[in-house]
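Chain residues, written in single-letter form:
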Amino acid sequence: MRGTVLWLAPALLTLVVTSVGLDHAQLWRDELATWSAATRSVRDLVRLAGTIDAATGPYYLFMHGWTALAGDSTIALRLPSVLSMTGAAALTALLGRRLAGARAGLLAGLLFALLPGTSRYAQEARPYALATLLAVLATLLLVDALRRPGWWRWIGYAAALAALGLTHLIALTLLAAHAVAVLAADRVGLTDDGGGGRNRRRWFWVPAVLPAVLLVAPLALVARSQRGRQLQWVDIVRPSDLTTLPGGLAQSSVVGGLLVGLAALGAARLGRRALLPGAAVLLPVLLLFVAGSAVPIWVPRYLVFVVPFACLLAGAALAAVPLPGGLAVVVLAGLLGGPDQAALRRTHEWPRSAPIDYRAVAEVIAAGQRPGDAIVYSPRRSWLFLDFGIEYQLRDRRPRDALLVEGAARRGDLWATECARPAECLAGVPRVWLVLSGRHADPVAAVSGAKGAALRDGFTVAQVWQRPGLTLALLTR
């Protein structure tokens, strides 16, 4: 099998599949946070990292540069993730060839390309796809450095590892798998000689890890102090969460179960050669599970970077049959994931039965607003980012944010500060567009506190629109 076909076929298939419907699903809440951060100044980004979301700060900085060049359309924001998953598919095939043979590598890359989870995170402006690419790249460079030790290979590995840690802190749990591979390198076929000086050079791994540790440690300390704000919505992990993990990562319960079964068969077929890819799947999951049992940090999508290694093991299982048979199973996986592929292109919200249609609300406002109108959000301090969603759709055409005192960018936060005396801030406003999360028959009654009192005392409801996930009301004096 020609080397070019080995990696090019999975790469092209991934690019095609993940590009289909790239802008069909609206930016969801996490992507709106990315857009808000990426379009701020570098000074505001530094301030944001000191307040919340420090762990994602380097990715936001990267996206800041990217949007300066490519713009901030939905396609532009998601394109780096598409390219990252495309590269991850190609590297998965190459790593598979190193560890299990060319046929296993090809089938692993093709299987990865067709997973609904690959499309899901390729079509998301978040760091998970980039972390997946760097995880496979770092592992491939480690294998090459162990087999043919050399300073340049170790330097390349060190750089990839540092980039991985800066992109996604949790992905550095992959170091545990790399440590196991280094310790057992001569017993699992990761070195070309039986010992001697070249074999001893595998311990160059220790200094190669140091740059990543030194770069990431300060970031990890800041992120740790922000955990209460960043992950307040996360629960302590339960054993049952492990059973739903494959379906969560594959974005399809059926495909996730198939992937686990094939990976188990592949591990049995590879024997000792399964140590590295097997550890790259199991150890990050185990470490995050143990940590999540003590502190609320278990979020399944944080482990997306292990999926290529599971595909590698699955590719080894499929390589045991003639190539047409292996390809048939890959196609079957793609067909089984078809409904989930279609669903994720409708919305990225979870559950998918509860989409939030910012665009529909923005269209109503744009068509009906008049000079002097104001807009009010409820709730304002919410992970739904109602203000970001409407701002992204309307840009400079949105009504005046009458209750805004200090914007999120200036505060170095993801949420703005609102007027403490809403009645005074709304004085003189003839009409208010009230945007609420959820469905409400009486929108004003759903607004609590002084904001709700000011709206009830000063305005009457003229018209109400119900849109998926949102209620829009036009209030008049």
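What comes next is a walk through the structure. Worth saying up front: this structure is predicted, and the values here are computed from it rather than measured.

1. A short note on unusual backbone geometry
Glycine aside, negative phi is the norm for most residues, and most peptide bonds take the trans geometry.
At step 1: Note the cis peptide between Ser 378 and Pro 379, where omega equals -5°.
At step 2: Note on placement: Pro 379 falls in the loop between β1 (374-378) and α21 (386-394).
At step 3: Unlike most non-glycine residues, Gln 251 shows phi in positive territory, near 60°.
At step 4: Inspection of the secondary structure puts Gln 251 in the loop between α14 (239-250) and α15 (253-270).
At step 5: The backbone of Phe 385 shows a phi angle near 50°, a positive value even though the residue is not glycine.

2. Some points on the pairing of strand β5 (residues 431-437)
At step 1: Where burial is concerned, most of β5 is hidden: seven out of the seven residues are buried.
At step 2: Residues Arg 431, Trp 433, Val 435 and Ser 437 point to one face of β5 and Val 432, Leu 434 and Leu 436 to the other, with burial holding for every one of them.
At step 3: One ladder, built from five bridges, connects β1 with β5; its direction is parallel. Residue pairing for β5: Ser 378 is matched across the bridge by Leu 436.
At step 4: Looking at chain direction, β5 and strand β7 (residues 470-476) are connected through seven bridges and run antiparallel. Its bridge partner lying in β7, Ser 437 is registered against Leu 470.

3. Things to note about helix α6 (residues 102-114)
At step 1: Here α6 spans 19 Å end to end across 13 residues, near enough to the 18 Å set by a 1.5 Å rise per residue.
At step 2: Taken residue by residue, α6 has Ala 104, Gly 105, Leu 106, Leu 107, Ala 108, Gly 109, Leu 110, Leu 111, Phe 112, Ala 113 and Leu 114 as its buried positions.

4. Things to note about the sheet that holds β7
At step 1: Here five strands make up an open sheet; going across it, the order is β2-β1-β5-β7-β6 and the pairing mixed. Each end of this open sheet is capped by a strand with a single partner; those strands are β2 (400-401) and β6 (460-467).
At step 2: Strands in contact with helix α20 (residues 358-368) are β1, β5, β6 and β7; relative to β5, the strand with the most contacts, it is inclined by about 175°.

5. Digging into the nonpolar core
At step 1: Counting 134 residues, the largest nonpolar core has Tyr 157, Leu 161, Leu 190 and Ile 365 as the members making the most contacts within it.
At step 2: Element by element, the count of residues in this core is highest for helix α8 (residues 128-147), at 14 residues.
At step 3: The contact partners of Leu 161, leaving out residues within four places of it in the chain, are Ala 138, Leu 172, Leu 175, His 178, Val 209 and Ala 212.
At step 4: Membership of the second largest hydrophobic core comes to 17 residues, among which are Ala 374, Leu 434, Ala 454 and Ala 473.

6. Thoughts on a nonpolar patch on the surface
At step 1: Taken together, Trp 7, Leu 8, Leu 12, Leu 15, Leu 79 and Leu 83 make up a surface patch of nonpolar side chains, about 470 Å² in accessible area.
At step 2: Where the nonpolar patch is concerned, the elements lending two or more residues are α1 (3-19) and α5 (74-100).
At step 3: Broken down by element, the nonpolar patch gets its largest block of residues, four residues, from α1.

7. Quick word on the side chain of Lys 451
At step 1: Mapped onto the elements of the fold, Lys 451 is located in helix α24 (residues 449-458).
At step 2: Owing to a relative accessible area of 12%, Lys 451 belongs among the buried residues under this scheme.
At step 3: Excluding residues that lie within four positions of it along the chain, Lys 451 makes contacts with Val 376, Tyr 377, Ser 378, Arg 380, Leu 403, Glu 418 and Pro 422.

8. Describing the environment of Ala 88
At step 1: Assignment of secondary structure puts Ala 88 in helix α5.
At step 2: By relative accessible area, which is 0% here, Ala 88 ends up buried.
At step 3: Residues in contact with Ala 88, not counting those within four places in the same chain, are Phe 112, Thr 132, Leu 133 and Val 136.

What counts and how
- Per chain, residue numbering runs from 1 following the sequence as it is written.
- Where totals are concerned, whole chains, interfaces and linings use all residues; where local detail is concerned, this predicted model gives features only for residues with pLDDT of at least 70, and gives and counts side-chain atom pairs only at 80 or more.
- Note that the side-chain values use all heavy atoms of the structure and ignore hydrogens as well as water.
- What counts as a helix is a DSSP run of H or I of at least four residues, what counts as a strand is a run of E of at least two, and both are numbered from the N terminus.
- Burial status follows relative accessibility: with a 1.4 Å probe on protein chains alone, a residue under 20% of its type maximum counts as buried, one over 50% as exposed, and anything between as partly exposed.
- Here, any two strands with at least 2 DSSP bridges between them count as paired.
- To estimate how far a helix should extend, the number of its residues minus one is multiplied by 1.5 Å.
- Residues are treated as being in contact if the distance between any of their heavy atoms lies within 4.5 Å.
- Axis definition: a line fitted to C-alpha atoms, over the contacting stretch in the case of helices. Angles run 0 to 180 degrees between N-to-C directions.
- By nonpolar core we mean a set of buried residues, namely Ala, Val, Leu, Ile, Met, Phe, Trp, Tyr and Cys, connected to one another through side-chain atoms within 4.5 Å.
- The patches described consist of residues with a relative accessible area above 30% and no salt bridge, like charges being joined within 9 Å and nonpolar side chains (Val, Leu, Ile, Met, Phe, Trp, Tyr) within 5 Å.
- Each accessible area value is a Shrake-Rupley result obtained with a 1.4 Å probe; residue values ignore everything except the protein chains displayed when judging cover.
- Any Lys or Arg side-chain nitrogen located within 4 Å of an Asp or Glu carboxyl oxygen qualifies as a salt bridge.

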